[in-house]
Amino acid sequence: MNKVIKTGLAGIMATTMLVAPVAAETLRLSHNTGDTTTWHQGAERFGELLAEKTGGAYDVRVFPNAQLSGGDQMRQAEMVGRGALDLVVTSAINVTPLVPEMAVFSLPYLYDNYAQVDATTQGAPGELLEAILLEKGIEVLAWGENGFREVTNNVRPITSPADMQGLNMRVAGPMYIDVMNALGANPQQMQWGETMTALQQGVVDGQENPIGAVIIPQQVYEVQDYLTTWHYSYDPIFLGVSKERWDAFDADTQDAMRTAAEEAMAYQRDITREGTANGVEFLREQGMEVYEPSAEELQAFREATQPAFDDWAGRVGEDIVSAFQDEIAKTGDGS
Ligand code: X2X
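How each quantity is defined
- Residues numbered from 1 in each chain as written.
- Predicted model: local features only at pLDDT ≥ 70, side-chain atom pairs only at ≥ 80, totals over all residues.
- Heavy atoms only, no water.
- Near = heavy atom within 4 Å.
- Polar contact = N/O pair within 3.5 Å; in protein donor to acceptor, adjacent residues only side chain to side chain.
- Areas by Shrake-Rupley, 256 points an atom, 1.4 Å probe, with all protein chains shown as cover.
- Nonpolar A, V, L, I, M, F, W, Y, C, P; charged D, E, K, R; others polar.
- Axes fitted to C-alpha atoms, helices over the stretch in contact; angles between N-to-C directions.
- Helix = DSSP H or I, 4+ residues; strand = E, 2+ residues; numbered from the N terminus.
- Parallel < 35°, antiparallel > 145°, perpendicular 65-115°, else oblique.
- Left-handed = near helix turned anticlockwise from the far one by under 90°.
- Contact = heavy atoms within 4.5 Å.
- Salt bridge = Lys/Arg side-chain N within 4 Å of Asp/Glu carboxyl O.
- Buried < 20%, exposed > 50% of the residue type's maximum accessible area, 1.4 Å probe, protein only.
- Phe/Tyr/Trp six-rings, centres within 6.5 Å; stacked < 30°, edge-to-face > 60°.

### Considerations on the site of the ligand
Line of reasoning, step 1. The full set close to the ligand counts 14 residues, and Asn32, Gln73, Arg149, Arg170 and Asn209 are the nearest of them.
Line of reasoning, step 2. In this structure, Asn94 approaches the ligand through a side-chain N or O atom, which is 2.9 Å from an oxygen atom.
Line of reasoning, step 3. Within the side chain of Asn146, a nitrogen or oxygen atom sits 3.1 Å from an oxygen atom of the ligand.
Line of reasoning, step 4. For the ligand, the accessible surface in isolation is 270 Å², of which the surrounding protein chains cover 100%.
Line of reasoning, step 5. Residues of the shell around the ligand, tallied by class, amount to four nonpolar, seven polar and three charged.

Right under this line is the structure:
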């Protein structure tokens, strides 16, 4: 057989192997927001990219609304850790019951801007948390964004800490209970999946979440009148895989998976920031009264939440908090 024919045959065989109906392996990905959010879009994009990069060897099925953990958004991380779920997109605050150090990202007023956020989540400080998560059986593939969390309610515009007094606030996790108490509000921890109904029925007066990732796609503006852009706490998300699963993949699959995750989360950050940038105007069009505090007004919120910062910085540990603060100081004010 001459070389040309041989090469041609090899080509045909390779093509046949690629299109042969080998069943794709299904990987289950859990997250706890609705299917309209940027979390969901990022997860879907990951599935598309992974299929593309592995010739269709993997089929990622995305399950929103914490369906796979019985509606419990905190339990997802622990399930991935013990191999009961393959993949997760979850936010730092949801992982704090399992890994208290994850609260570092969300310490009140730690960050002023996205440049500071990116220097830590995409840099060495983020790797400190990756190492701790790995000990819990979770391999972090890439960091994405929930965002700066803004406060909404149905009682009054929030312009100063005193306005928080006595408001019944739904919160996602333990650190925010302490922050809300420091502000004189009545916090109540609740699943995100139950929050819209609770707001609608007046079980709680308000909640706090990022504009681009959650408030707009989940139509929180339909059930809330007032929003204040107080930027009090940043919340990253990450795409993680069960370590047990990860260790069983060959090196090429691991490469494809990490690259797909990095690209998908970069896309997810982009669309989240875009949605946030246009968000205030959109929310006003929907009838929300939006208050944008001045630098001095933000300082008052920063001071009022300082006790919660100090308490949680202690729980996170000085080494980790300093690593974040040093990186942030190096990055500067972003101007
Ligand atoms: O529950 C929330 O508020 C949410 C959607 O932001 C998280 O999952 C932390």
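Structure's up, so let's keep going.
### Structural notes on the packing of helix H5 (residues 114-121) against helix H11 (residues 251-277)
Line of reasoning, step 1. At their nearest, the axes of H5 and H11 sit 14 Å apart, and the two run at 160° to each other. Classed by the angle they form, the pair H5 and H11 counts as roughly antiparallel. Every pair of crossing elements has a handedness; the one defined by H5 and H11 is right-handed. Contacts between H5 and H11 pair Tyr114, Val117 and Asp118 from the former with Arg269, Arg273 and Thr276 from the latter.
Line of reasoning, step 2. Class assignment of the residues belonging to the contact of H5 with H11 gives a composition of two nonpolar, one polar and three charged.

### Remarks on the pattern of salt bridges
Line of reasoning, step 1. Inspection of every chain in the model, using the stated rule, returns 16 salt bridges.
Line of reasoning, step 2. Residues Glu48 and Arg45 are paired through a salt bridge, measuring 3.7 Å at the closest nitrogen-oxygen approach. Taken as a pair, Glu48 and Arg45 lie in helix H2 (residues 38-53) at a separation of three residues, close to a single helical turn.
Line of reasoning, step 3. Exposure remark for Glu48: the relative accessible area of 48% places this residue in the partly exposed category.
Line of reasoning, step 4. For Asp178, the salt bridge identified is with Arg315, shortest N-O distance 3.5 Å. Taken together, the residues Asp178 in helix H7 (residues 174-182) and Arg315 in helix H14 (residues 306-316) connect sequence positions 137 residues apart.

### Observations concerning the packing of aromatic side chains
Line of reasoning, step 1. Across all of its chains, the model carries eleven aromatic pairs by this definition.
Line of reasoning, step 2. Here Phe105 and Phe324 contribute two aromatic rings whose centre-to-centre distance is 5.2 Å and whose plane-to-plane angle is 85°, an arrangement assigned as edge-to-face. Residue Phe105 is found in the loop between helix H4 (92-95) and H5, and its partner Phe324 is found in helix H15 (residues 318-331); the two are separated by 219 residues along the sequence.
Line of reasoning, step 3. What makes Phe324 buried here is its relative accessible area of 0%.
Line of reasoning, step 4. An angle of 80° between the planes, with centres 5.4 Å apart, marks the rings of Trp230 and Phe301 as edge-to-face. Of this pair, Trp230 sits in strand S8 (residues 226-242) while Phe301 sits in helix H13 (residues 295-304), placing them 71 residues apart in sequence.
Line of reasoning, step 5. Judged by its relative accessible area of 1%, Trp230 falls in the buried class.
Line of reasoning, step 6. For Phe301, a relative accessible area of 0% gives the class buried.
Line of reasoning, step 7. Clustering of aromatic rings is evident, with ring pairs tying together Phe105, Trp143, Phe238 and Phe324.

### Structural notes on the side chain of Asn94
Line of reasoning, step 1. With respect to the element layout, Asn94 can be found in helix H4.
Line of reasoning, step 2. Its relative accessible area of 2% is what places Asn94 among the buried residues.
Line of reasoning, step 3. For Asn94, the side chain forms a polar contact with the side chain of Thr90, separated by 3.3 Å.
Line of reasoning, step 4. In contact with Asn94, other than residues within four places in its own chain, are Asn32, Trp39, Gln73 and Met74.

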